[in-house]
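Examination of the molecular architecture
Each chain is listed here by its residues.
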Amino acid sequence: MLMNGTSMSSPNACGGLSLILSALKANKIAYTPFTLRRAIENTARSTGADALTVGNGVLQVAKAFTCMSKTFDASELDYFLDVIIPDRDNAVGLYLREISETSGITETDVKVFPEFFNGVDNKKKIAFELRITLKSTVKWVEAPQNLVLMNGGRTFKVRVDPRDLAPNSHYYGEVHGYDSEYPDKGPIFRLPVTLIKPVQMTGHILKLPPTKFTPGYIKRTFVSVPYGSTWAEITLRASSLETNRLFNFVALQTPPYTTLKTHQEDKYVWLKSNDEWKHQIRLCPGYVVELILGQYWSSLGDSGEVEMIVEFHGLSSSAKEIVIDGTETITRFDLQASLRDEEIKPEGKLLMIRQTIRPEKPGVPRLLSTERDLLPGVENRQISEMILSYKFDQTEAGNVIPRVPIISGMLYDNPHEAQFWMLFDSKKKLLGKGDAWPKQVSIPAKGISSFAFF
């Protein structure tokens, strides 16, 4: 059986970490999750692939254990170092993607501070002092050489200059912080810096040169979507492929305040010689789109080439959504094609009724009290829950899709820890349940239905 993805890499990594922890306990070497993470990051073996693909590299169990044995420092059992960028919602790294961010120099403040564990004596906190040497791994990222870190933290500036970097590529670097007295520990903190340098369009058609693919090879293209463009037609043309091969095509944009799924396309396509595949993707004008094409790792063959052509189109509407309000019989909207001439054939169908409902009574967060409802860490943060109950009149049998617009579709980027919903019919029979992703539920008969949101 051949398996891939995080379903295999996660248990493999957990097994490796279990070996390290077992050896540490057998040798009575104290550790924290943070000293363990530092050791596996600093000893990982690079594969030569870019950081977007493999991160720090391949886990090295024996070297990580040796690193923790030789660099043990009892004082590190009292704290860990946190690194944030306050001006970017306390982000743990710097990510520059859009034209406005990558066409000139960016300077930002970075804060590093110690987080002390519960029970650490206040005298140790007051006496805390750490002399740090800063080093950048790339020339286009600059940081000061030294800083002295006290218990209240310290802020330093990072300067990113992408002006000499070639377009249509991604770049990655890090700012490393070393203990000046014990540099052999390796970096005691890292600030990742990711920069996307896109192609700036001068027309509405982008023709990429033919690319030779091998199993597992990934080709990334970054394009700043022209203003006025709301969709693009992607064409893939294969030539001289000796065998039928499986490719994965992904298109991704990251407009602010939206989830990744909202502006992501993920398609698998089989191609052989002289095949042509076309697909349309929705776009947000003015934002960078990442176009990814890769040959699947288990799809063999390395002859021939694949060419990609991107043709941008655009229609903008005066209405964000085309809906008919219940009090109106006519809805007007205006269309504009500002990128190029477009031919349209308007057609409309009434397929869905959208109804807004309110909770029966205001929800009040309730603190949970058991130990299992405390998040482990520095503060043992208490988990709370809130339950909202709704009722609505279903006038006939049909399908409904429950949505909570402010957080529906959010998983890892959800501001709340979790969400869950349940839908019942008029007799309190459970009809459906779900979490972050809205899905259709069938209601077999009319009546008063209820909806609970946790």
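Residues numbered from 1 in each chain as written. Predicted model: local features only at pLDDT ≥ 70, side-chain atom pairs only at ≥ 80, totals over all residues. Heavy atoms only, no water.

A few words on the sheet that holds strand E25 (residues 388–394). Here four strands make up an open sheet; going across it, the order is E25-E30-E27-E28 and the pairing antiparallel. In the strand order of this sheet, the two ends are held by E25 and strand E28 (430–434), each with one partner. The average undirected angle you get between the axes of adjacent strands in this sheet is 20°. Across four bridges, strand E27 (residues 421–424) lies against strand E30 (residues 447–453) in antiparallel orientation. Each bridged residue has a counterpart across the sheet, and for Trp421 the counterpart in E30 is Phe453. (Pairing = 2+ DSSP bridges. Helix = DSSP H or I, 4+ residues; strand = E, 2+ residues; numbered from the N terminus. Axes fitted to C-alpha atoms, helices over the stretch in contact; angles between N-to-C directions.)

Looking at chain direction, strand E1 (residues 79–84) and strand E3 (residues 106–116) are connected through six bridges and run antiparallel. Looking at the pairing, Phe80 lines up with Glu115 of E3.

On to the pattern of salt bridges. Pairing between side chains becomes possible if they bear opposite charge and their charged atoms approach one another. For the structure shown, the criterion picks out 26 salt bridges. Between Glu107 and Arg159 there is a salt bridge, with the nearest N and O atoms lying 3.7 Å from each other. Separated by 52 residues along the polypeptide, Glu107 in strand E3 and Arg159 in strand E7 (residues 154–160) bring together distant segments of the chain. Given the relative accessible area of 27%, Arg159 is considered partly exposed. We note a salt bridge from Arg159 to Glu142, for which the minimum N-O separation is 3.8 Å. Taken as a pair, Arg159 in strand E7 and Glu142 in strand E5 (residues 141–142) lie far apart in primary sequence, 17 residues in all. (Salt bridge = Lys/Arg side-chain N within 4 Å of Asp/Glu carboxyl O. Buried < 20%, exposed > 50% of the residue type's maximum accessible area, 1.4 Å probe, protein only.)

On to the environment of Ser240. Of note, Ser240 is situated in the loop between strand E13 (231–239) and strand E14 (245–252). For Ser240, a relative accessible area of 53% corresponds to the exposed category. Spatially, the C-alpha atoms of Ser240 and Val175 are 45 Å apart, while their sequence positions differ by 65 residues. If we skip the residues at most four places from it in the chain, Ser240 touches Ser273, Ser303 and Gly304. (Contact = heavy atoms within 4.5 Å.)

Considered as a void within the structure, the largest pocket measures approximately 1,700 Å³ in volume. Ala91, Val92, Gly93, Tyr95 and Pro192 are the residues nearest the centre of the largest pocket, which is lined by 45 residues in total. Where the lining of the largest pocket is concerned, the elements lending two or more residues are helix H2 (33–43), helix H3 (51–54), E1, strand E8 (169–179) and strand E9 (189–197). Counting residues per element, the lining of the largest pocket draws most heavily on H2, which supplies six residues. Residue composition of the lining of the largest pocket, by class: 21 nonpolar, eleven polar and 13 charged. In this structure, the second largest pocket spans a volume of roughly 1,200 Å³. Taken together, 28 residues make up the lining of the second largest pocket; nearest its centre are Ile353, Arg354, Gln355, Val400 and Ile401. Of all the elements in the fold, those that place two or more residues in the lining of the second largest pocket are E25, strand E26 (398–400) and E30. Tallied by class, residues from the lining of the second largest pocket come to 16 nonpolar, seven polar and five charged. (1 Å grid on protein atoms, 1.4 Å probe; cavity = no way out; pocket = protein on both sides within 12 Å on 5 of 7 lines; lining within 4 Å. Points joined across faces, edges and corners; volume = space filled by probe spheres on them. Nonpolar A, V, L, I, M, F, W, Y, C, P; charged D, E, K, R; others polar.)

Turning our attention to the packing of aromatic side chains. Scanning all chains against the criterion turns up 14 aromatic pairs. Joined through ring pairs, the aromatic side chains of Phe34, Phe80 and Phe117 make up one cluster. Geometry around Phe113 places Lys111 over its ring, the cationic atom sitting 5.5 Å from the centre. The ring of Tyr178 is capped by Lys135, whose NZ or CZ atom sits 5.4 Å from the centre of that ring. (Phe/Tyr/Trp six-rings, centres within 6.5 Å; stacked < 30°, edge-to-face > 60°. Lys NZ or Arg CZ within 6 Å of the ring centre and 35° of its normal.)

That is the geometry; function is a separate question.
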